[in-house]
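# Breakdown of the fold
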Amino acid sequence: MALGPDAGDQLQGLVDLTDVVLSQKFGTGVKCDGEESDPYAITSLVGLTGPQWGTNTTTAPLRDLLRTRSSSSVEADAQRLEKLLSETATGRTALLLHERLINMPWQVSAPLFRLLLDEVAATKTKVDTVVLLCPMFRPDGDDGDGAEEDDGDQGEDAPPAQKRAKAAIIRDQLLGKKAKKAKKKTVAKRAEALAAHAYLELEYLEKIAEYTFHFKHASSGSETDNMTALQGVKGSRRGLVVKWSKLAAVVAELESLVQESEALITQERVDHDDDDDE
């Protein structure tokens, strides 16, 4: 899912990729319908660069697929990504696979990430950087690359009246109303303000990302992520580059949020029982 609907056509050795994920001593899947059923959620790593991944037949084709489908409107970030995924890269970089059914509770992510951290440490696997491909919900018309033309947009520094005007335009677009004709790239930048993570937990990972990029989810035609059928909304992928050493702090924060949500649920149940007694 993360690599796109036609990844099998573009990535030689996709079957080997599955074998690599299943054979590693780290990574966890969640199944609810028996051992032979499909997983409801999975978190694991797949190597991209570094000596420890060199013998995997999937390393080179997977790295090449990421390079050819990734882009950034920030030239410096584009260069950093190219260097990170180059054949001569000396750093130990891996693709962090984190996928779950959209209606699977986000709380499952905390133990999945914790298990991954513990298992990678236990196997003495060395990781410097991870790349994530985050599923996003975007308004139609947003190509996700953050490109823009000079239209006087001042972003967060824009006057309140300008912000309200931009919000009205985006709202009309989502409602299917006709709006004044605007430059395509300008509309894309405005629509980016409404782009949202499909997985709540990945919002926290983006906060510690070194930089982000756009991942084209299909080689041609529509690159919809098949995650939504809502009119005016499409799915796509945003890439994150995160230092492995920073991941533990985010996992701890997610675990704290899970505890808070459980406490709220417990309190709501107590209040509901009290109401029934009355």
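Reading guide: rules and limits
Residues numbered from 1 in each chain as written. Predicted model: local features only at pLDDT ≥ 70, side-chain atom pairs only at ≥ 80, totals over all residues. Heavy atoms only, no water. Buried < 20%, exposed > 50% of the residue type's maximum accessible area, 1.4 Å probe, protein only. Helix = DSSP H or I, 4+ residues; strand = E, 2+ residues; numbered from the N terminus. Arc of directions from axis to C-beta. Polar contact = N/O pair within 3.5 Å; in protein donor to acceptor, adjacent residues only side chain to side chain. Contact = heavy atoms within 4.5 Å. Salt bridge = Lys/Arg side-chain N within 4 Å of Asp/Glu carboxyl O.

### Here's the deal with helix α3 (residues 59-69)
Taken as a whole, α3 has its buried residues at T59, L62, R63, L65, L66 and R69. Seen along its axis, α3 keeps its buried residues to an arc of 160°; they face one direction.

### A few points about helix α8 (residues 200-207)
Within α8, burial applies to E201, L202, Y204 and L205. Viewed end-on, α8 has its buried residues packed into an arc of 150°, placing them on one side of the element.

### Regarding the side chain of S70
On the secondary structure map, S70 appears in strand β3 (residues 70-71). Judged by relative accessible area, S70 falls into the buried class, the value being 13%. Of note is the side chain of S70, whose polar atom sits 2.5 Å from the backbone oxygen of L66. Discounting residues that sit within four places of it in the chain, S70 has contacts with L81, F213, H214 and F215.

### Description of the pattern of salt bridges
Applying the stated criterion to the full structure yields nine salt bridges. For D64, the salt bridge is made with R67, and the minimal N-O distance between the two is 3.8 Å. One end of the pair is D64 and the other is R67, both in helix α3 and three residues apart, which spans about a single turn. Overall, the relative accessible area of 32% leaves D64 in the partly exposed class. You can call R67 partly exposed: its relative accessible area is 27%. Measuring nitrogen to oxygen at the nearest pair gives 2.7 Å for the salt bridge that ties E82 to R67. A residue pair is termed long-range when its members are at least 10 positions apart, and E82 in helix α4 (residues 75-84) and R67 in helix α3 qualify at 15 residues. When salt bridges that share partners are traced, they join D64, R67 and E82 into one network.

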